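Single-letter residue listing:
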Amino acid sequence: MEIQKKHKRVYSFEFFPPKTDEGAEHLRQTRQRLERLNPAYFSVTFGAGGSTQSRTFETVVDIQRSSPAEAAPHLSCIDASREQLKEMIQRYRDEGVSYIVALRGDQPSGSGSKGLGELRYANELVELIREVSGEHFTVEVGAYPEFHPEAPDAITDIENFVRKAKAGADSAITQFFYNEACYYRFVEDCERRGVDIPIVPGIMPIMNYEQQARFAAGCKADIPRWLAKRMEAWEHDPRSQIEYGIDVVTELCQNLLDNGAPGIHFYALNKAPIIERIWHNLGLSKETGGEVRSPDEIELPV
Ligand SMILES: NC(=O)C1=CN([C@@H]2O[C@H](COP(=O)(O)OP(=O)(O)OC[C@H]3O[C@@H](n4cnc5c(N)ncnc54)[C@H](O)[C@@H]3O)[C@@H](O)[C@H]2O)C=CC1
Ligand SMILES: Nc1nc(=O)c2c([nH]1)NC[C@@H]1CN(c3ccc(C(=O)N[C@@H](CCC(=O)O)C(=O)O)cc3)CN21
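An unreviewed UniProt entry lists the chain under the name Methylenetetrahydrofolate reductase, with Halorhodospira neutriphila as the source organism. Turning to the chain, the UniProt annotation filed under Cofactor (unreviewed entry) states: "FAD". A UniProt comment under Sequence similarities (unreviewed entry) is attached to the chain, and it reads "Belongs to the methylenetetrahydrofolate reductase family."

The structure is reproduced here in structure tokens:
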């Protein structure tokens, strides 16, 4: 963690694009609450299963034009031609966007794939972004401390990540995890291989445990047995699930930061209250110059 400790800590939140006008208004309210915490940027995914880029673009432009924080669109190459990617990069540049989260992306579910992908992996997308726009964008890439489900083995996955980092990425965001040891060991493996970019822990607060467990099973992120069993015991008591989840994730983040993590990337799932509670517990507004709200001002969803 020696190299990670040298980086300035960066805090960011991730949204998925809303599917309806009501969802867009709810996201706007969430974004206005979270921007008071003074994060560096808001990233916007393609939405579940890599759905169309169009909703992502609209959401990104709305953030870029109306928020003090930067907007960071996900751009994935798995189902887009080289020309389409170049066009999207230029469109974001024309909108004043200065961050891109470059991902291979998830295999679109079912027959969703258009089979357009010309670039096979994210390292090639990083190279394309550098080729067409030089150093203009801050390029974030994905990292997988518990190893990518498609990787043949752990060492190959680490070496693939190292190649991506050295292809010109500025920083990495991890897949979410709850076993912090996986993060420290992944970082040590990367630092031994010369990786010196920030590797920022991606943290998923527990908002709806059943949904969370389903998503984790889908992307092969581990929910530790001790956590799953407690959550299952509160199957009919969502308030206890949320309160316990806030304690668990607060402690995880505090330990990571105390051990030198270069910030936190929160998967916000378009909701503010639980993030605000965790942020308050960590006292992060002292560091970001953001607003401080007391817990009793933050109403939890259940
Ligand atoms: N915020 C988000 O949405 C985040 C998503 N992720 C997820 O992380 C995962 C990895 O990130 P991606 O950029 O999508 O994938 P990637 O292209 O970096 O890697 C995908 C798979 O291909 C392998 N691979 C990578 N480069 C290769 C190469 N040049 N030759 C052979 N094999 C190679 C990797 O070991 C891995 O198994 C994805 O599932 C992504 O969705 C990770 C962090 C954040
Ligand atoms: N492989 C992979 N793909 C991703 O898109 C992805 C990751 N990993 N890891 C980091 C973040 C986390 N992402 C997530 C995680 C959970 C939901 C989720 O639970 N979606 C609910 C709806 C949420 C809501 O409406 O409140 C769902 O039922 O899909 C969505 C995106 C997107 N990101």
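Structure's up, so let's keep going.
> Could you give an account of the layout of surface pockets, with specific residues and numbers?
In this structure, the second largest pocket occupies an estimated 280 Å³ of space. Lining the second largest pocket are 14 residues, with N208, Y209, E210, P238 and Q241 positioned closest to its centre. Of all the secondary-structure elements, those providing two or more residues to the lining of the second largest pocket are α8 (209-219), α9 (225-233) and α10 (238-258). A breakdown of the residues in the lining of the second largest pocket according to their chemical character gives seven nonpolar, three polar and four charged.

> Break down the site of ligand 1 for me, with residues and values.
Taken together, 22 residues surround ligand 1, and among them E14, R104, D157, N160 and K164 come closest. Here R104 contributes a backbone N or O atom positioned 2.9 Å from an oxygen atom of ligand 1. Measuring from an oxygen atom of ligand 1, one finds a backbone N or O atom of G105 at 2.9 Å. Calculation on ligand 1 without its partners gives an accessible area of 820 Å², and the protein chains cover 86% of this total. Counting residues per element, the shell around ligand 1 draws most heavily on helix α6 (residues 154-166), which supplies four residues.

> Talk me through the packing of helix α3 (residues 53-66) against helix α4 (residues 82-94); I want residue IDs and the actual numbers.
Between α3 and α4, whose axes approach to 11 Å, the crossing angle comes to 15 degrees. Classed by the angle they form, the pair α3 and α4 counts as roughly parallel. The two elements α3 and α4 cross, and the hand of that crossing is right-handed. Between α3 and α4, the contacting residues are Q53, T56, F57 and V60 on the first element and M88, R91 and Y92 on the second. For the contact of α3 with α4, the class distribution of residues is four nonpolar, two polar and one charged.

> Tell me about the side chain of Q212, and please be specific about residues and values.
Looking at the secondary structure, you find Q212 in helix α8. Judged by relative accessible area, Q212 falls into the buried class, the value being 6%. Sequence-distant contacts of Q212, that is, excluding residues within four places in its chain, are made with F176, Y178, M204, P205, I206, M207 and I223.

> Give me the environment of I203: which residues, what numbers.
Note that I203 resides in strand β7 (residues 199-203). Sequence separation of I203 and A40 is 163 residues, and the distance between their C-alpha atoms is 16 Å. In contact with I203, not counting residues within four places along its chain, are F177, V249, L252, C253, L256, I264, H265, F266 and Y267.

> Can you break down the side chain of N123 residue by residue, with the values?
With respect to the element layout, N123 can be found in helix α5 (residues 122-133). On the basis of relative accessibility, which here comes to 12%, the residue N123 falls in the buried class. If near-sequence neighbours (up to four positions away) are discounted, N123 is found in contact with R163, K164 and A167.

> Hey, could you go over the confidence of the model for the chain for me, with residue numbers and the actual values?
Per-residue confidence for the chain gives a mean pLDDT of 94, with 95% of residues at or over 70. Under the prediction, the complex receives an ipTM of 0.92, its pTM being 0.95.

> Please give an account of the site of ligand 2 that cites residues and values.
In the region of ligand 2, the neighbouring residues are E14, F16, D106, Q175, M204, Q211, R214, F215, C219, Y267, L269 and K271. Contact between ligand 2 and D106: a nitrogen atom at 2.7 Å from a side-chain N or O atom of the residue. Between ligand 2 and the protein, one listed contact pairs an oxygen atom with a side-chain N or O atom of K271 at 2.6 Å. In terms of residue count, α8 provides more of the shell around ligand 2 than any other element does, four residues in total. Taken together, the residues that form the shell around ligand 2 break down as six nonpolar, two polar and four charged.

What counts as what
Residues numbered from 1 in each chain as written. Chains lettered and ligands numbered in written order. Predicted model: local features only at pLDDT ≥ 70, side-chain atom pairs only at ≥ 80, totals over all residues. Heavy atoms only, no water. UniProt positions renumbered as here; feature names shortened; annotations may be inferred. 1 Å grid on protein atoms, 1.4 Å probe; cavity = no way out; pocket = protein on both sides within 12 Å on 5 of 7 lines; lining within 4 Å. Points joined across faces, edges and corners; volume = space filled by probe spheres on them. Helix = DSSP H or I, 4+ residues; strand = E, 2+ residues; numbered from the N terminus. Nonpolar A, V, L, I, M, F, W, Y, C, P; charged D, E, K, R; others polar. Near = heavy atom within 4 Å. Polar contact = N/O pair within 3.5 Å; in protein donor to acceptor, adjacent residues only side chain to side chain. Areas by Shrake-Rupley, 256 points an atom, 1.4 Å probe, with all protein chains shown as cover. Axes fitted to C-alpha atoms, helices over the stretch in contact; angles between N-to-C directions. Parallel < 35°, antiparallel > 145°, perpendicular 65-115°, else oblique. Left-handed = near helix turned anticlockwise from the far one by under 90°. Contact = heavy atoms within 4.5 Å. Buried < 20%, exposed > 50% of the residue type's maximum accessible area, 1.4 Å probe, protein only. pLDDT = per-residue confidence, 0-100.

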